[in-house]
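Working through the structure, step by step
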Amino acid sequence: QKGTHQISTVVSGMNQLSSGQYTSHETCELHTILDNCLAILHYHLSGRIKVEKSYTDEQLLISGNPGQLHQAFISIMINAVQAISVSGTIRILTHKDDFRSYIQIQDTGCGIDELNLAHVTDPFFTTKEPGKGSGLGLSITYTIIKNHGGDLVLESTKGEGTNVRITLPLINRL
């Protein structure tokens, strides 16, 4: 039953990721999207990476494209997984105020050199070996977040890990 549930969760997440709809006005619940991304990446996490979630108890509803949002969060999570060489932790924290949602994805990986940090969202910039990365993941992620009215900030210390802070506007529910 547990395996069937896991497969169902992954398939559901993949359906959301590959959604053919290009509207940017669909109601999206960010916790559901984050959990779908974790389910998709479950195989890469199990056994070596501990995931700690600290979500606000309230829903984080935004207007956006669910496929693009899945793509953005998966890109950040894949970078976190790849930054952890042997074992480590990925923390996902959420909270909100009256107007904005706040998501942090932190890892205990190798971190990013200060000189490279300013360029990680530049198209085709990569610190990976040739053939291991296109340098488009964070560039596309940054564009997706900006197109959704949000902001993306990366903080990192070489040898200690990276903290990605994302802010997205909430749907105004009066």
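Residue numbers restart at each chain and count upward from 1, following the sequence in its written direction. Residues qualify for local features only when their pLDDT is at least 70, as the model is predicted, and side-chain atom pairs are given and counted only at 80 or more; totals for whole chains, interfaces and linings, by contrast, use all residues. Side-chain numbers come from the whole structure's heavy atoms, not from hydrogens or water.

So, the confidence of the model for the chain
Applied cut-off: Every residue carries a pLDDT, the predictor's confidence in it, which falls somewhere between 0 and 100. By definition in these notes, contact holds between two residues if any of their heavy atoms fall within 4.5 Å.
Put simply, the chain has an average pLDDT of 83, and 75% of its residues get 70 or more. Contacts of residues 16-20 to residues separated by more than four positions or lying in other chains number eight contacts, the stretch itself having pLDDT below 50.

Re the side chain of Asp107
Our working definition: We count a stretch as a helix when DSSP gives it H or I for four or more residues in a row; a strand needs E for two or more, and each element gets its number in order from the N terminus. Remark: exposure states derive from per-residue accessible area (1.4 Å probe, protein chains only) relative to the maximum for the residue type, with buried under 20%, exposed over 50%, and partly exposed in between. In this tally, Lys and Arg are treated as positive and Asp and Glu as negative; His is ignored, and so are the chain termini. Salt bridge, as applied in this entry: a Lys or Arg side-chain nitrogen positioned within 4 Å of an Asp or Glu carboxyl oxygen. Polar contacts here mean pairs of N or O atoms no more than 3.5 Å apart (in protein, one a potential hydrogen donor and the other a potential acceptor; neighbouring residues in sequence count only if both atoms are side-chain atoms).
Tracing the sequence through the fold places Asp107 in strand S5 (residues 100-107). Look at Asp107: it is buried, it has no salt bridge, and the nearest opposite charge is Arg91 at 8.3 Å. Among the polar contacts made by the side chain of Asp107, one reaches the main-chain amide nitrogen of Gly109 at a distance of 2.8 Å. In contact with Asp107, not counting residues within four places along its chain, are Ala80, Ala83, Ile84, Thr89, Ile90, Glu160, Gly161 and Thr162.

Concerning helix H2 (residues 30-40)
Burial of H2 is extensive: nine of the 11 residues sit out of reach of the surface. Within the sequence span of H2, burial applies to Leu30, His31, Ile33, Leu34, Asn36, Cys37, Leu38, Ala39 and Ile40. The distance from a side-chain oxygen at the start of H2 to the backbone nitrogen of His31 is 3.0 Å, and the residue carrying that oxygen is Glu29.

Quick notes on the sheet that holds strand S6 (residues 151-157)
The criterion, for reference: A pair of strands is treated as paired once DSSP finds two or more bridges between them. Comment: axis = line fitted to C-alpha atoms, over the contacting stretch for helices; angle = value between 0 and 180 degrees taken between N-to-C directions.
Taken together, the five strands give an open sheet; going across it, the order is S2-S4-S5-S7-S6, and neighbouring strands pair in mixed fashion. Looking at strand neighbours, the two that pair on one side only are strand S2 (49-54) and S6, the edges of this open sheet. Going across the sheet, the axis of each strand differs from the next one's by a mean of 10 degrees, ignoring polarity. As judged from the seven bridges shared by strand S4 (residues 88-96) and S5, these two strands associate in the antiparallel manner. Bridging from a neighbouring strand, Ile90 pairs with Asp107 of S5. Running at roughly 165 degrees to S4, H2 makes contact with S2, S4, S5 and strand S7 (161-169) of the sheet.

Quick look at helix H4 (residues 66-83)
The test is simple: Expected span of a helix: the number of residues minus one, times 1.5 Å.
Taking 1.5 Å as the rise per residue, H4 with 18 residues should run 26 Å; its terminal C-alpha atoms sit 26 Å apart, in good agreement. Here H4 lies mainly inside the structure; 13 of its 18 residues are buried. Two to three positions downstream of the cap, the backbone nitrogen of Gly67 sits 2.9 Å from a side-chain oxygen, assigning the N-cap of H4 to Asn65.

Some points on the pattern of salt bridges
All told, the structure shown has six salt bridges when counted by the stated rule. A salt bridge links Lys146 to Asp151, with the nearest nitrogen and oxygen atoms 3.0 Å apart. For Arg165, the salt bridge is made with Glu155, and the minimal N-O distance between the two is 3.1 Å. Remark: Glu155 occurs in strand S6 and Arg165 occurs in strand S7; sequence separation between them is 10 residues.

Points about the packing of H2 against H4
The criterion, for reference: For this classification, under 35 degrees means roughly parallel, over 145 means roughly antiparallel, 65 to 115 means roughly perpendicular, and everything else is oblique. Throughout, a crossing is termed right-handed when the near helix is turned clockwise from the far one, and left-handed when it is turned anticlockwise from it by less than a right angle.
One can describe the packing of H2 onto H4 by two numbers: an axis separation of 9 Å at closest approach and a directional angle of 50 degrees. Considering their axes alone, H2 and H4 lie oblique with respect to each other. In this structure, H2 meets H4 at a crossing whose hand is right-handed. Residue-level contacts link Leu30, Ile33, Leu34, Asn36, Cys37, Leu38 and Ile40 of H2 to Leu69, His70, Phe73, Ile74 and Met77 of H4.

Looking at the pairing of S6
Of the two faces of S6, only one is covered, namely that formed by Leu152, Leu154 and Ser156; the face formed by Asp151, Val153, Glu155 and Thr157 stays uncovered. In the sheet, S6 pairs with S7 via seven bridges, with the strands oriented antiparallel. Bridge pairing in S7 places Leu152 opposite Ile166. The antiparallel hairpin formed by S6 and S7 contains three residues in its connecting segment, where Gly159 sits at a positive phi of about 85 degrees.

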